[in-house]
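Next come the chains, spelled out residue by residue.
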Amino acid sequence: MKKRIAILGSTGSIGKSTFEIIKKNKKDFDVILLTANNNYKKLIKQAKEIKAKNVLIKNEIFSDKVKKGLKNSSIRVFSGDISLKKIINKKLDYTMSAIVGIAGLQPTIDAIKNSRIVAIANKESIICAWNILLKEVKRNKTKILPVDSEHFSIMELTRGIVDEEIEEILITASGGPFLNLPIRKLKKVKSQKAVKHPNWNMGKKISIDSANLMNKVFEVIEACKFFNFNKIKYRVVIHPQSYVHSIIRFKNGLIKMILYNADMKIPISNTLYEKRNIFLNIKKINTAIFNKNSFYNVNKKRFPSINLINKILNSGPSTATIVNASNEVLVDLFLRNKIGFLDIVKTINKIFKDKEFKKYAKRKVKSVSDIKLVDNWARLKTVAICVK
Ligand code: NDP
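To start, this report covers the structure provided alongside it. This one's a predicted model, so the numbers in the text were calculated from it and none came from an experiment. (Residues numbered from 1 in each chain as written. Predicted model: local features only at pLDDT ≥ 70, side-chain atom pairs only at ≥ 80, totals over all residues. Heavy atoms only, no water.)

## Things to note about the environment of H239
Within the secondary structure, H239 sits in the loop between β9 (234-238) and β10 (244-250). In the structure, H239 is positioned 56 residues away from F295 in sequence and 4.7 Å away in space, judged by C-alpha atoms. Filtering out sequence-adjacent residues up to four positions away, H239 remains in contact with T172, A173, S174, V244, N293, S294 and F295. (Helix = DSSP H or I, 4+ residues; strand = E, 2+ residues; numbered from the N terminus. Contact = heavy atoms within 4.5 Å.)

Here's what the structure looks like:
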């Protein structure tokens with residue numbers, strides 16, 4: 001039986017990789033829904049190519065263009081903030097949640113309610129709303145699978161393992177494009193250089209997060225939410241080759257790691273085929289790289305973001321939402337050359353010192369509107385700090 005699937009954010013980096021796997025394995029999948037925000041041309045092309053049943057363009061400005069592009073087909077076109085339930089007539093088998101930013105939260109919740117399996121790439125919903133997601137997961141008996149390489153690796157390495165067996169969980173970081181740049185030059189780096197990751201081709205937002213290691217800050221928080229291991233066991237290490245994504249050090253001296261080429265299609269296909277390592281036509285790893293792997297400690301002068309991990313874990317349940325929102329605003333400002341590269345982490349640190357910070361950080365959120373309240377405060381505060 002073909003799996004009935006949806007890709008939320010199909011025009012993005014993760015969305016396109018998911019789409020490519022499905023295109024090569026059409027016999028296994030029936031695409032019920034593809035979604036995008038602005039990239040209507042790509043959405044139209046994908047929908048025709050895969051014979052999707054429905055498409056959703058979030059930005060209503062492009063709705064007529066999508067309708068026109070698909071007018072000679074039976075593909076139904078939706079736009080704006082429409083719930084999944086109104087589009088589909090039967091529960092989906094699988095949804096890839098790959099919208100970038102907090103904008104992915106409501107669609108992820110919607111997917112959990114309407115899909116048997118949800119693969120989550122959208123780390124923002126895990127970081128900011130894990131308790132809400134978990135409640136819906138339990139209520140709807142949905143299976144959620146991590147897509148991020150580090151969490152995919154931890155999941156693979158710790159099946160059947162309990163916390164007492166583990167001494168340390170290492171999350172690796174490539175170090176991004178500025179790993180070897182003299183620290184004094186970081187102040188002046190431009191966004192065009194920062195988005196060029198040495199090992200991956202990713203969306204702009206996550207590429208900037210990789211360049212200053214904010215993505216590792218979020219990944220540790222994400223792992224703390226996703227897995228039932230003691231949060232003090234996580235540590236970030238630099239591994240420029242990016243073959244290993246996580247390492248588990250056990251109390252008895254055993255170390256476990258898995259290696260794979262830095263291609264998101266591997267964890268994605270694993271979620272599509274429900275943890276089975278189905279053959280993929282992917283560049284095979286050359287075993288000669290085994291002796292070329294290096295691992296070393298993070299230089300916190302180069303990557304001061306790493307100090308935020310403990311601050312987030314120890315400052316109240318909504319701190320991650322505040323940092324995430326502030327970071328989204330700051331990355332956008334940096335991409336538009338309005339602030340410098342180092343201002344991203346500096347400004348986030350200033351938020352922690354704001355007189356209203358504690359009030360918002362300690363909030364226990366129960367709904368998306370609760371999260372939006374905290375998120376909005378952090379966005380406005382970030383802009384206010386930047387224009388000072
Ligand atoms: P991209 O920026 O490449 O793609 C984002 C997708 O979301 C696009 O389809 C975009 O549509 C859509 N989108 C953007 N804004 C909105 C909105 N307001 N409402 C609805 N849809 C929207 O991002 P990535 O694929 O790189 O990342 C997606 C998520 O996965 C992020 O949370 C990221 O942190 C996470 N992730 C990414 C990895 C990677 O390798 N790229 C690895 C691990 C996790 P449009 O194209 O039309 O603008």
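We are not done yet, so read on.
## Focus on the site of the ligand
As a structural note, the neighbourhood of the ligand is formed by 24 residues, with T11, N38, N39, E124 and D148 the closest of them. In the environment of the ligand, an oxygen atom lies 3.2 Å from a nitrogen or oxygen atom belonging to the backbone of G9. The separation between an oxygen atom of the ligand and a polar main-chain atom of N38 is 2.7 Å. Protein chains bury 86% of the 900 Å² of accessible surface belonging to the ligand in isolation. For the shell around the ligand, the secondary structure elements donating two or more residues are α1 (13-24) and α6 (123-140). (Near = heavy atom within 4 Å. Polar contact = N/O pair within 3.5 Å; in protein donor to acceptor, adjacent residues only side chain to side chain. Areas by Shrake-Rupley, 256 points an atom, 1.4 Å probe, with all protein chains shown as cover.)

## Thoughts on the side chain of N212
Along the chain, N212 turns up in the loop between α9 (204-211) and α10 (214-226). A distance of 3.0 Å separates a polar side-chain atom of N212 from the backbone nitrogen of M214. Apart from the residues within four sequence positions on either side, N212 is in contact with F303, S305, F341, I344 and V345.

## Focus on the sheet that holds β9
Taken in spatial order, the five strands of this open sheet run β11-β10-β8-β9-β12, and their pairing is mixed. Each edge of the sheet is formed by a strand with only one pairing partner; in this case those strands are β11 (255-259) and β12 (296-297). Bridging between β9 and β12 involves two bridges; their strand directions are antiparallel. Directly across from V237, in β12, lies its bridge partner N297. On the sheet, helix α7 (residues 149-157) packs against β8 (166-173), β9, β10 and β11 and is oriented at approximately 35° with respect to β10. Where α10 meets the sheet, it contacts β8 and β9, and its direction lies at approximately 145° from that of β8. (Pairing = 2+ DSSP bridges. Axes fitted to C-alpha atoms, helices over the stretch in contact; angles between N-to-C directions.)

## Some remarks on the pairing of β10
In terms of burial, β10 is largely enclosed, as six of its seven residues are buried. Inspection of the sheet shows β8 paired to β10 by five bridges, in the antiparallel sense. In the strand pairing of β10, I166 is matched with F250. The turn joining β10 and β11, which pair antiparallel and follow one another in sequence, is formed by four residues; a positive phi near 95° is taken by G253. (Buried < 20%, exposed > 50% of the residue type's maximum accessible area, 1.4 Å probe, protein only.)

## Concerning the packing of α1 against helix α11 (residues 265-272)
Two elements in contact, α1 and α11, have axes whose closest approach is 10 Å; the angle formed by their N-to-C orientations is 60°. Taken together, the axes of α1 and α11 are oblique relative to one another. Two packed elements cross with a definite hand, and for α1 against α11 that hand is right-handed. The segment α1 lies against α11, with I14, S17, T18, E20, I21 and I22 engaging K265, I268, S269 and L272. Class assignment of the residues belonging to the contact of α1 with α11 gives a composition of five nonpolar, three polar and two charged. (Parallel < 35°, antiparallel > 145°, perpendicular 65-115°, else oblique. Left-handed = near helix turned anticlockwise from the far one by under 90°. Nonpolar A, V, L, I, M, F, W, Y, C, P; charged D, E, K, R; others polar.)

## As for α10
Along its 13 residues, α10 runs 18 Å from first to last C-alpha, staying within 8% of the 18 Å computed at 1.5 Å per residue. In terms of residue burial, α10 counts as a mostly covered element, since 12 of its 13 residues are buried. What α10 keeps buried is the set M214, N215, K216, V217, F218, E219, V220, I221, E222, A223, C224 and F226. (Expected span 1.5 Å × (residues − 1).)

## A few points about the environment of P177
Relative to the helices and strands, P177 resides in the loop between β8 and α8 (191-194). Sequence spacing of P177 and K193 is 16 residues, and the spatial spacing of their C-alpha atoms is 7.5 Å. For P177, the contacting residues outside a window of four places in its chain are K193, A194, K196, P198 and A211.

## A few points about unusual backbone geometry
Positioned with a positive phi, S242 is a non-glycine residue whose angle comes to about 60°. One can find S242 in the loop between β9 and β10. With relative accessibility at 2%, the residue S242 sits in the buried group.

## Points about empty space enclosed by the protein
Counting across every chain of the model gives one cavity of 30 Å³ or more. In this structure, the largest cavity encloses a volume near 40 Å³. In terms of lining, the largest cavity is formed by T172, A173, S174, W200, H239, S242, V244 and H245. Looking at the lining of the largest cavity, the elements with two or more residues in it are β8 and β10. (1 Å grid on protein atoms, 1.4 Å probe; cavity = no way out; pocket = protein on both sides within 12 Å on 5 of 7 lines; lining within 4 Å. Points joined across faces, edges and corners; volume = space filled by probe spheres on them.)

## Quick look at helix α5 (residues 105-114)
Counting buried residues in α5 gives seven out of 10 residues, a clear majority hidden from the surface. All buried positions along α5 are accounted for by L105, T108, I109, D110, A111, I112 and N114.

## Focus on the sheet that holds strand β2 (residues 29-36)
Read from one edge of the open sheet, seven strands run β4-β3-β2-β1-β5-β6-β7, paired in parallel fashion. Both edges of this open sheet fall to β4 (76-79) and β7 (143-146), since each of them pairs with a single strand only. Strand-to-strand twist of the sheet, defined as the mean angle between neighbouring strand axes without regard to direction, takes the value 20°. Where strand β3 (residues 54-57) lies against β4, four bridges are found, and the strand directions are parallel. Bridge pairing in β4 links N54 to R76. Packing against the sheet, α5 makes contact with β1 (3-8), β5 (92-97), β6 (115-120) and β7, and its axis sits at approximately 145° to β6.

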